[in-house]
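# Examining the three-dimensional arrangement
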Amino acid sequence: MLTSYALSRPATARFRSDFDRIFEDFFGPRPFAALAPEWAGAAYPAVNIREDAENVQVEFELPGVPSGAFELTVVGNELTLKGHRAAEAREGAIYHRQERETGAFARTLQLPCEIDPDHVQATLKNGVLKITLPKARNAKPRKITVQKAG
Amino acid sequence: MLNRMEKAGQPAAAFRPAVDIQEMEREFLVEVDLPGVAPEDLDVRYEDGALYLYGKVPPREREGARELLREYEVGDYARAFRLGEQIDANALTAECKDGVATLHLPKLQALQPRKIEVKPA
């Protein structure tokens, strides 16, 4: 149900902090760690999708991406997020760690049903993009009244 | 997969956020991705030569909603780095905006590069 430029991020990709070895070396164990991040090949940004009777709820993690740096489009039952995350390298700086993703990104999601494109709402707060897509009338569950046989 | 964070409200392990660390002439710049963390929920401490970060994330599960796809889990973030005694702890600053924490860790004066005046003989 999901198309994007790369494979989905595996559920194990977000490692829990290891409290047995709580301290990490500030200066990084591998100078080129960024070339082989733990989730190499995963789609960016990560997404969670939920639905209830009325809406499909899509949530992207977009830390540090202002609302002017991406666009959302809906065509039929496809939702597309496209944008760019700027790299903020300071002049003359040496990177000791570089784990954060930067650059252009794009993801297209197949929604599970037809939606009402005129009433899609999106909010961006603390680096989380929440999109509420109301289901189209004919995609909402309808209660069927069973009539008595004549 | 069960969300282990929710088990009986016990303090659970936290997630490890992605970090960039840049070293400049006079300071270290640390940037941390903390999606879902409000500025008031970020805790930064520098103690005994170690930097501690903790970001609290409110749960955002919705009642009655069915999960269709989960690529990430929601929970607190924690990370710690040992830096040694080269940071001016009193001058450390941190801010959090759009789910990104930006920390400035100035080097101790004694470790900062100093320009040596060369006097004419």
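None of the values given here were measured: they were computed from a predicted structure.

A tally of regular secondary structure across chain A gives zero helices and ten strands. Listing the helices and strands of chain A from first to last along the sequence gives β-β-β-β-β-β-β-β-β-β. For chain A, the proportion of its 150 residues judged to be buried stands at 37%.

This part covers the sheet that holds strand S7 (residues 94–98) of chain A. Reading across the sheet, the five strands line up as S7(A)-S1(B)-S2(B)-S8(B)-S7(B) and stay open at both edges, with antiparallel pairing between neighbours. Edge positions in the open sheet fall to S7 of chain A together with strand S7 (93–97) of chain B, since each of these has one partner strand only. Here the strands of the sheet are splayed against their neighbours by 15 degrees on average, with no regard to which way each runs. Across seven bridges, the pairing between strand S2 (residues 27–33) of chain B and strand S8 (residues 100–106) of chain B is antiparallel. Within the sheet, the bridge partner assigned to Val 30 of chain B lies in S8 of chain B and is Leu 103 of chain B.

The subject of this paragraph is the confidence of the model for chain A. Residues and elements named next belong to chain A. Taken over all residues, the pLDDT of chain A has a mean of 78, while the share at 70 or more is 73%. Segment residues 1–13: pLDDT under 50, and 34 contacts once partners within four positions in sequence are set aside and those in other chains are kept. A low-confidence stretch, residues 30–40 stays under pLDDT 50, and its non-local contacts, those more than four residues away or across chains, total nine contacts.

It is worth spelling out the packing of aromatic side chains at this point. Residues and elements named next belong to chain A. On inspection of all chains with the given rule, the structure shows one aromatic pair over all chains. A centroid spacing of 5.7 Å and a plane angle of 75 degrees characterise the contact between Tyr 44 and Phe 105, whose relative ring orientation is edge-to-face. Note that Tyr 44 is positioned in the loop between strand S2 (23–25) and strand S3 (47–51) and Phe 105 in strand S8 (residues 103–110), a separation of 61 residues in sequence. When sorted by exposure, Tyr 44 lands in the same class as Phe 105, which is buried.

By convention, interface size is frequently given as the accessible area that disappears when the constituent parts associate. Contact with chain A, which involves 51 residues of that partner, is made by 53 residues of chain B. Together, the buried faces of chain A and chain B total about 5100 Å²; carbon and sulfur atoms form 50% of this surface. At the surface where chain A touches chain B, the tally comes to nine salt bridges. In this structure, Arg 85 of chain A engages Asp 33 of chain B in a salt bridge whose closest nitrogen and oxygen atoms are separated by 2.5 Å.

Reading the values: rules and limits
- Residues numbered from 1 in each chain as written.
- Chains lettered and ligands numbered in written order.
- Predicted model: local features only at pLDDT ≥ 70, side-chain atom pairs only at ≥ 80, totals over all residues.
- Heavy atoms only, no water.
- Helix = DSSP H or I, 4+ residues; strand = E, 2+ residues; numbered from the N terminus.
- Buried < 20%, exposed > 50% of the residue type's maximum accessible area, 1.4 Å probe, protein only.
- Pairing = 2+ DSSP bridges.
- Axes fitted to C-alpha atoms, helices over the stretch in contact; angles between N-to-C directions.
- pLDDT = per-residue confidence, 0-100.
- Contact = heavy atoms within 4.5 Å.
- Phe/Tyr/Trp six-rings, centres within 6.5 Å; stacked < 30°, edge-to-face > 60°.
- Buried area = accessible area lost by both parts, 1.4 Å probe.
- Salt bridge = Lys/Arg side-chain N within 4 Å of Asp/Glu carboxyl O.

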